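# Fold and contact review
Take a look at the letters that make up each chain.
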Amino acid sequence: MSTGRSEKEQLRVHIRWMIRRDMPEVLQTEQQSFGFAWTEEDFLRCLRQRNCIGMVAEHDHRIIGFMIYELHKSKLRVLNFATIPDMRRQGVGAQMIRHAEAWLCALGVRKVQLLIRESNIGAAGFYDRQGYERSSVIVMQRWLLPPHSSEN
Ligand SMILES: CC(C)(COP(=O)(O)OP(=O)(O)OC[C@H]1O[C@@H](n2cnc3c(N)ncnc32)[C@H](O)[C@@H]1OP(=O)(O)O)[C@@H](O)C(=O)NCCC(=O)NCCS
């Protein structure tokens with residue numbers, strides 16, 4: 001599926017598995033991207049799971065994006081995904097998602113799923129552009145303690 005850009009216009013990145021040494025740069029991107037950021041312990045706990053996989057996008061010896069996903073028998077769930085703020089809208093996210101999709105297709109995984117906040121207009125625009133459809137699931141929740149300002 002087309003991302004609407006030619007390969008030439010995209011910032012070319014090398015996509016590879018995440019390793020422990022990437023963590024400081026990944027954490028920095030995480031903190032710049034989310035009000036309610038994962039901690040290093042959150043990343044490590046997640047990546048210790050057998051079906052949890054981390055990928056990074058590297059450009060000029062710098063980690064400029066990452067993606068964490070959970071692999072199930074017939075679907076993949078994106079748990080965390082970001083491009084560094086000053087490198088956005090240059091095709092990095094699209095290359096990461098395409099890379100994961102190509103690999104998954106080869107494994108016979110049929111579906112990619114993720115949750116985004118309704119207020120995250122940027123991510124919604126990104127996934128719309130990548131051909132993702134909104135599902136009809138309604139998330140029910142009840143606050144047991146008052147929410148932080150970054151939560152809604
Ligand atoms: C969502 C995110 C990963 C996209 O990464 P990116 O590297 O900027 O994405 P791309 O450059 O590949 O975007 C490809 C296309 O998606 C769409 N898109 C990307 N960001 C968008 C935005 N903020 N608003 C609307 N559309 C957007 C555009 O159509 C874009 O193509 P264009 O720039 O030619 O118009 C990035 O915005 C990000 O890190 N956001 C903060 C963290 C987050 O919300 N993560 C997702 C939660 S799962």
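Scroll up a little and you will see the structure.
Residues numbered from 1 in each chain as written. Predicted model: local features only at pLDDT ≥ 70, side-chain atom pairs only at ≥ 80, totals over all residues.

### A closer look at the overall build of the protein
Along the backbone of the protein there are 4 helices and 5 strands. Radius of gyration (C-alpha) of the protein: 16 Å, near the 15 Å computed for a compact globule of 152 residues. Seen along its three principal axes, the alpha-carbon backbone of the protein occupies a region of about 50 × 35 × 30 Å. Counting every position in the protein, which comprises 152 residues, the buried fraction comes to 20%. Put simply, of all contacts in the protein between residues at least 6 apart along the chain, 64% involve residues at least 24 apart. (Helix = DSSP H or I, 4+ residues; strand = E, 2+ residues; numbered from the N terminus. Rg over C-alpha atoms; globule rule 2.2 N^0.38 Å. Buried ≥ 20, exposed ≤ 12 C-beta atoms within 10 Å, placed from the backbone. Contact = placed C-beta atoms within 7 Å.)

### What about the pairing of strand β5 (residues 111–114)?
As paired strands, strand β4 (residues 75–83) and β5 are joined by 4 bridges and run parallel to one another. Residue pairing in the sheet places K75 in a bridge with K111 of β5. The handedness of the β4 to β5 crossover, carried by helix α3 (residues 92–107), is right-handed. (Pairing = 2+ DSSP bridges. Right-handed = clockwise from strand over helix to strand, strands pointing away.)

### Topic: the sheet that holds strand β3 (residues 62–71)
Across the sheet, which stays open at both edges, the 5 strands sit in the order β1-β2-β3-β4-β5 with mixed pairing between neighbours. The open sheet is flanked by β1 (14–17) and β5, the only strands paired with a single partner. Neighbour-to-neighbour, the strand axes of this sheet turn through a mean angle of 30°, independent of strand direction. Judged from the 4 bridges that link them, β1 and strand β2 (residues 52–59) form a sheet pairing that is antiparallel. Within β2, the residue paired with R16 across the bridge is V56. Of the strands in this sheet, β2, β3 and β4 are in contact with helix α1 (residues 23–33), which crosses β3 at around 85°. (Axes fitted to C-alpha atoms, helices over the stretch in contact; angles between N-to-C directions.)

### Observations concerning the nonpolar core
Of all hydrophobic cores here, the largest spans 21 residues; its most connected members are F66, M67, M96 and A100. Counting only elements with at least two residues in this core, the list comes to β2, β3, β4 and α3. With 6 residues, the single largest contributor to this core is β3. (Core = buried A, V, L, I, M, F, W, Y, C linked by C-beta atoms within 7 Å.)

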